Every structure is written in C-alpha cells, then in structure tokens.
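Geometric and topological summary
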Amino acid sequence: MRKIVLMMSVSLDGYMEGPNREIDWHLVDDELHQHFNDVLKEMGAFLDGRVTYELMAGYWPKADRDPDASAPVVEFARIWRNMPKVVFSRTLQHAGLHTTIVRDVVVDDILALKAQDGGDLALGGAELAAEFLRHDLVDEFRVYVHPVLLGRGRRLFPEGDEPTTLRLIDSRRFGNGVVLLHYGRPETGGR
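So, here is what we can say about the structure in this document. Each residue is numbered by its place in its chain's sequence as written, counting from 1. Per-residue local features of the predicted model are confined to residues with pLDDT of at least 70, and side-chain atom pairs are confined, for both listing and counting, to 80 or more; whole-chain, interface and lining totals are unaffected and use all residues. The side-chain numbers reported here are obtained from all heavy atoms of the structure, hydrogens and water having been left aside.

A few words on the side chain of H182. Looking at the element boundaries, H182 is found in strand β10 (residues 179-184). Two residues qualify as a contact provided that any one of their heavy atoms is within 4.5 Å of a heavy atom in the partner residue. Setting aside chain neighbours within four positions, we find H182 in contact with E140, F141, R142, R167, L168, I169 and D170. In this description a helix means any DSSP run of H or I spanning at least four residues, a strand means any run of E spanning at least two, and both kinds are numbered starting from the N terminus.

Structure follows, in structure tokens:
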C-alpha cells in the first residue's frame, strides 16, 4: 500500500511561513533541491491544497525555460509537470494537465487512492496537512528544519488533543545547515 508522506520546511521554532505568509527564509540550494528531486521523482502523485497548487502552478510549468535556471530547477520543472496531481479545493474550477480537483477529504477515497499501484503520495500545504492529520491519514513526515528563528507566523502542525507517537526513520544534515527529520508511524500503528 502506498504511503502518504508529508514534506514541509519549517523554521527551528516550528513555523512553516512567516507572519505575512513569506517563505523567503527557506535555504534551498542545489544540494537540497537535488535531494527534493530525488525523493519526489519516485512519488506517485502530489496531493496539494489550492494555495500550494496555485503557488506551484504559477512558476513550475515554465521554470525550465529560464536560461539561468540551475540543473535541479530544470529537473524539478519536468517532474512537476509530468507528475499526477490531486488538488483539494472547494473553489478551484480549472487546473492544468495531469491534475484532478477534489472538493473534500473523504477518508474512504483517500484509502482507495493509497491502495492503488504506484509510488507514495507527497502531501503539501499546511491546511490540507492539518485535515489529513485530523483523519490520521499521514504515514510519514519529512520535516526540513531550517536554521532560522521566525518568532511568529504559521505553525506547521495544528494543536491537538492527543499525542502522536512516531519513530525516527532517518535524519540528514545538508551543507547549508538544513536538517531533515524523517519520521514514520510505529510499526504497529497508523493506517
């Protein structure tokens, strides 16, 4: 069965964006970008909320046409264009190639998607991630901790009533100071 993998960058103090929705503090150099490419090209689909999808769709379809684009940027533009995408939105009316719009997170539909053949499913977007977490649908967490303290902004994880126990799968330090913390559900838990 495919896994749903939440991949997000956070500040050391746990924010995924600054108080004005800024993400310009992300330290994505060629090494980290290549790592993202290596992980994401093996995925079976991107699961995004509307805001994340529109942000991505506004840049990546033509990013590889920029003569100054780095090799990892060119590669990711091709990955993004060709990857199936599922966008969860109640307002989005049209989406680009390889994109399906879904109005609501329906647990049985997500479980059916996980049961299909193919690579794991990359989950992006804080609001969508919160909804998947409420339904206990996230199997793995790839949290990229950036060496910056924002002080305020939007936290990645919503408040909850119960702790969620995870197991460390891997960790990695990148040359720019970003640290990947890769967690999964305990072997006996999760969906």
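Back to the write-up after that little detour.
Moving on: the packing of aromatic side chains. In summary, the pairing rule links any two rings of Phe, Tyr or Trp, Trp by its six-membered ring, whose centres are within 6.5 Å, and it sorts them by plane angle into stacked for under 30 degrees, edge-to-face for over 60 and tilted for everything else. Scanning all chains against the criterion turns up 7 aromatic pairs. Ring centres 6.4 Å apart and planes at 40° place the aromatic pair F46 and F76 in the tilted group. Here F46 is found in strand β3 (residues 45-49), whereas its partner F76 is found in helix α3 (residues 71-82), with 30 residues between them in sequence. In this scheme, a residue with accessible area under 20% of its type's maximum is buried, one over 50% is exposed, and one in between is partly exposed, where area comes from a 1.4 Å probe on protein chains only. By relative accessible area, F76 is classed as buried at 5%. Geometrically, the ring pair formed by F88 and F132 is edge-to-face, given 5.7 Å between the ring centres and 85° between the ring planes. You can see F88 sitting in strand β4 (residues 85-88) and its partner F132 sitting in helix α5 (residues 126-134), a full 44 residues away along the chain. This pair shows no difference in class: F88 is buried, exactly as F132 is. A connected cluster of aromatic rings, assembled from ring pairs, spans F46, Y59, W60 and F76.

Opposite charge on two side chains makes pairing possible when the charged atoms of those side chains draw close. A side-chain nitrogen of Lys or Arg and a carboxyl oxygen of Asp or Glu constitute a salt bridge if their distance falls within 4 Å. A complete count under the given rule lists 13 salt bridges for this structure. Across the pair E140 and K3 runs a salt bridge whose closest N-O atoms are separated by 2.7 Å. Separated by 137 residues along the polypeptide, E140 in strand β7 (residues 140-146) and K3 in the segment before β1 (4-11) bring together distant segments of the chain. We classify K3 as partly exposed; its relative accessible area is 32%. Where D64 meets R78, a salt bridge forms, and the shortest distance between an N and an O atom there is 3.5 Å. Of the two residues, D64 is situated in the loop between α2 (50-57) and α3 and R78 in helix α3; the sequence distance between them amounts to 14 residues. Accessibility expressed as a relative area gives 16% for D64, which makes it buried. On the basis of relative accessible area, R78 is assigned to the partly exposed category, the value being 44%.

Functional significance is not addressed by these values, which are geometric in nature.
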